[in-house]
Number of protein chains: 2
Amino acid sequence: MLSYTEENYLKALLMLSFQNETRPEAGTNEMAAHLGVKPATATDMLKKLKEKNLVTYQKYGKILLTEEGKKNGITILRKHRLWETFLYEKLDFSWDEVHEVAEQLEHIQSPKLVNKLDEFLGFPEFDPHGDPIPKANGEMPSFEKTLLSELTAGETGKVTAVKDTSTLFLQYLEKLNITIGTNIKVLELIDFDGSLNIQIENAPNRSVSMKFAGSLYVKR
Amino acid sequence: MLSYTEENYLKALLMLSFQNETRPEAGTNEMAAHLGVKPATATDMLKKLKEKNLVTYQKYGKILLTEEGKKNGITILRKHRLWETFLYEKLDFSWDEVHEVAEQLEHIQSPKLVNKLDEFLGFPEFDPHGDPIPKANGEMPSFEKTLLSELTAGETGKVTAVKDTSTLFLQYLEKLNITIGTNIKVLELIDFDGSLNIQIENAPNRSVSMKFAGSLYVKR
DNA sequence: TATATTTGTTAGGTAAGTCTAACTTTTATA
DNA sequence: TATAAAAGTTAGACTTACCTAACAAATATA
Ligand SMILES: [Mn+2]
Ligand SMILES: [Mn+2]
Ligand SMILES: [Mn+2]
Ligand SMILES: [Mn+2]
């Protein structure tokens, strides 16, 4: 049985492993920052997780989830994303509101609940941010990871997911009338600062920053 | 901000106040037993709750919730019963399974979630056990509290709630095809041991014990 | 009313999870 | 490669929630 806190550490390590695309290892400071605790606290927890065979790591070395640790992390992530979907689809939460509440709901212990919820939602493959929801068996639906910033002038992409899930970004997208499924055409690339002029389906044309274009996943 | 544990203590005190019909006061041992902790632990917590002005009590005296404590307890109870209703109505949980999971869900912090859930469920007045769900303003729908054991021979009652919510009792009721809304006619009262012969709607006649008849609320 | 029983409190201890301050190791850079 | 910076660890402390054992007060009963 894992504690609420241990679950958070495992999920954090899993997400860092997705983020660090080259190698799935994480560092203590990185992990601590992700969880909003001090590095000293992360070190303490690491010892405990190692003791329980959920991570492999040695002093001053990198952290890697074991199979068991990964399995547990995936379970939490599955719950997190199913709950986000529930809040968004059934209770009319906006996509910048779901995360905070799902952060709590993901820790509810009841295998039956998770699977019934999945069924109730119609076995969704992606959450409101376009992130893949792990299946009951641990598999992750895959999706194209093309960034809007990778498109060339003239190309069109349909938004599949957001890379940045911060409230600030999500609310800005809402203002721009962009959501999962919206088509965006790149009109022009500005070499000077990497910004682009885009045409948004059902919304006025816009100029957006490089940072913006690097935060949206699209399908060509 | 109340901790998970403090919330459990307040809900326990509230429910004991409903139970002790004569006076709403509770004792340390009673409280500890209800929460599954040792009396010494309950005493510790009591001091903290008193410090926070959630209960009034003095050493060796009885425990009483303050208005603030009661308000908080009612909020938890509202969430508990709404979640039970959700699990029962939307996710096909049986009425003996809902309690355990609601025990966890009641602690999720999000006023918006509670109210949206209430709306999603159609503002239910009673939970799957027939217990009243406190309204957002703290009011409790009232209901008739006649026990099956109070009926006389020949009278018919419609089941409105269960007094005992133990798995053992709920599963027995299920076996007998009795649920909220079922009509039961008292055929005969046996003076010797207080048992009664009853006629259950859509099920064979039965003899049930005094204990059984004292655990079911009905409406004449 | 004296004594036994029940009820409630205190003292002292543990475990989880967090922190700060000081220290060590690793890595980057001059 | 020596040194500075960054990354990570350790020691010691705090808070919350729990426990056991010993004690004190209140209540029931002979
Ligand atoms: Mn969490
Ligand atoms: Mn998400
Ligand atoms: Mn609870
Ligand atoms: Mn109930």
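Reading the values: rules and limits
Residues numbered from 1 in each chain as written. Chains lettered and ligands numbered in written order. Predicted model: local features only at pLDDT ≥ 70, side-chain atom pairs only at ≥ 80, totals over all residues. Heavy atoms only, no water. Domains from an automatic or database assignment. Donors = N, O, S within 2.8 Å, 3.2 Å for Na, K, Ca; no water. Buried < 20%, exposed > 50% of the residue type's maximum accessible area, 1.4 Å probe, protein only. Axes fitted to C-alpha atoms, helices over the stretch in contact; angles between N-to-C directions. Helix = DSSP H or I, 4+ residues; strand = E, 2+ residues; numbered from the N terminus. Parallel < 35°, antiparallel > 145°, perpendicular 65-115°, else oblique. Contact = heavy atoms within 4.5 Å. Nonpolar A, V, L, I, M, F, W, Y, C, P; charged D, E, K, R; others polar. Pairing = 2+ DSSP bridges. Least-squares fit on C-alpha atoms with pLDDT ≥ 70 in both. Near = heavy atom within 4 Å. Polar contact = N/O pair within 3.5 Å; in protein donor to acceptor, adjacent residues only side chain to side chain. Arc of directions from axis to C-beta. Buried area = accessible area lost by both parts, 1.4 Å probe. Salt bridge = Lys/Arg side-chain N within 4 Å of Asp/Glu carboxyl O.

Trainee: Tell me about the domain arrangement of chain A, and please be specific about residues and values.
Mentor: In terms of domains, chain A is made up of domain 1 (4-65) and domain 2 (146-219). Its C-alpha centre places domain 1 of chain A at a distance of 33 Å from the equivalent point of domain 2 of chain A.

Trainee: Residues and numbers for the coordination of the manganese ion (ligand 2), please.
Mentor: Residue and element names in this part refer to chain A. On the protein side, the manganese ion (ligand 2) has Glu84 (OE), Asp127 (OD) and His129 (ND1) as donor atoms, found 2.1 to 2.3 Å from it. Binding-site remark: the manganese ion (ligand 2) is held by donors from one chain whose sequence spacing is E-x42-D-x1-H. Residue Asp127 is classed as buried on the basis of its relative accessible area, which comes to 6%. Given a relative accessible area of 2%, His129 falls into the buried group.

Trainee: Describe the packing of helix 2 (residues 28-35) of chain A against helix 3 (residues 39-51) of chain A, listing the residues and the values that go with them.
Mentor: Residues and elements named next belong to chain A. For the pair helix 2 and helix 3, the least separation of the axes is 8 Å and the interaxial angle reads 105°. With respect to their mutual orientation, helix 2 and helix 3 come out roughly perpendicular. Contacts between helix 2 and helix 3 pair Thr28, Asn29, Met31 and Ala32 from the former with Pro39, Ala42, Thr43 and Leu46 from the latter. Each residue belonging to the contact of helix 2 with helix 3 can be placed in one class, and the counts come to 5 nonpolar, 3 polar and no charged.

Trainee: So what's going on with the coordination of the manganese ion (ligand 3)? Which residues, and what values?
Mentor: All names here are of chain B. Protein coordination of the manganese ion (ligand 3) is provided by Asn8 (OD1), Glu103 (O), Glu103 (OE), Glu106 (OE) and His107 (NE2), with donor distances spanning 2.1 to 2.7 Å. The sequence pattern describing where the donors of the manganese ion (ligand 3) fall on their chain is N-x94-E-x2-E-H. In this pair, Asn8 is assigned in helix 1 (residues 4-19) and Glu103 in helix 5 (residues 98-105), connecting sequence segments 95 residues apart.

Trainee: Outline the sheet that holds strand 7 (residues 206-208) of chain A, listing residues and values.
Mentor: All names here are of chain A. Ordered in space as 3-8-4-5-6-7, the 6 strands form an open sheet in which the pairing is antiparallel. In this open sheet, the two strands that pair with only one neighbour each are strand 3 (146-147) and strand 7. Pairing of strand 5 (residues 183-189) with strand 6 (residues 196-200) involves 5 bridges; the strand directions are antiparallel. Among the inter-strand pairings, Ile184 is bridged to a residue of strand 6, identified as Ile200. The strands touched by helix 7 (residues 167-175) within the sheet are strand 4 (156-162), strand 7 and strand 8 (216-219), with strand 4 carrying the most contacts at an inclination of about 140°.

Trainee: Please set out the relation of the copies chain B and chain A residue by residue, giving values where relevant.
Mentor: Expressed as a screw operation, the relation of chain B to chain A combines 0.0 Å of axial shift with a rotation of 180°, fitting to an RMSD of 0.1 Å. Here the copies are linked by what is in effect a two-fold axis. Taking the C-alpha atom as reference, chain B places Leu105 of chain B closest to the rotation axis, 3.8 Å from it. Most of the interface of chain B is mirrored in chain A, where 100% of its interface residues are also at the interface.

Trainee: Could you give me a rundown of the protein's contact with DNA strand D, with the residues and numbers involved?
Mentor: Neighbouring residues of DNA strand D: 22 residues in total, closest Asn29 and Tyr57 of chain A together with Ser3, Thr41 and Lys48 of chain B. Each atom of DNA strand D within 4 Å of the protein was assigned to sugar, phosphate or base; sugar and phosphate come to 78%. Between DNA strand D and the protein, one listed contact pairs a phosphate oxygen with a side-chain N or O atom of Lys47 of chain A at 3.0 Å. The dominant element in the surface near DNA strand D, judged by the number of residues it contributes, is helix 3 (residues 39-51) of chain B, at 5 residues. Its residues assigned to classes, the surface near DNA strand D shows 9 nonpolar, 7 polar and 6 charged.

Trainee: How would you sum up helix 6 (residues 111-120) of chain A? Please name residues and give values.
Mentor: Along helix 6 of chain A, the residues classified as buried are Leu113, Val114, Leu117 and Asp118 of chain A. Around the axis of helix 6 of chain A, the buried residues are gathered within 130° of arc, so they sit on the same side. On the buried face of helix 6 of chain A, the contacting elements are helix 4 (67-89) of chain A together with helix 4 (67-89) and helix 5 of chain B.

Trainee: Which residues make up the interface of chain B and chain A, and what values do they have?
Mentor: Taken together, the contact pairs 20 residues of chain B with 20 residues of chain A. Of the roughly 1700 Å² buried between chain B and chain A on both sides combined, carbon and sulfur atoms contribute 71%. Joining chain B to chain A, the criterion identifies 2 salt bridges. Measuring nitrogen to oxygen at the nearest pair gives 2.9 Å for the salt bridge that ties Lys112 of chain A to Glu97 of chain B. There are 4 residue pairs in polar contact (both at pLDDT 80 or more) connecting chain B and chain A. Taken together, the elements giving at least two residues each to the side of chain B that touches chain A come down to helix 4, helix 5 and helix 6 (111-120) of chain B. Here the residues of the side of chain B that touches chain A sort into 11 nonpolar, 4 polar and 5 charged.

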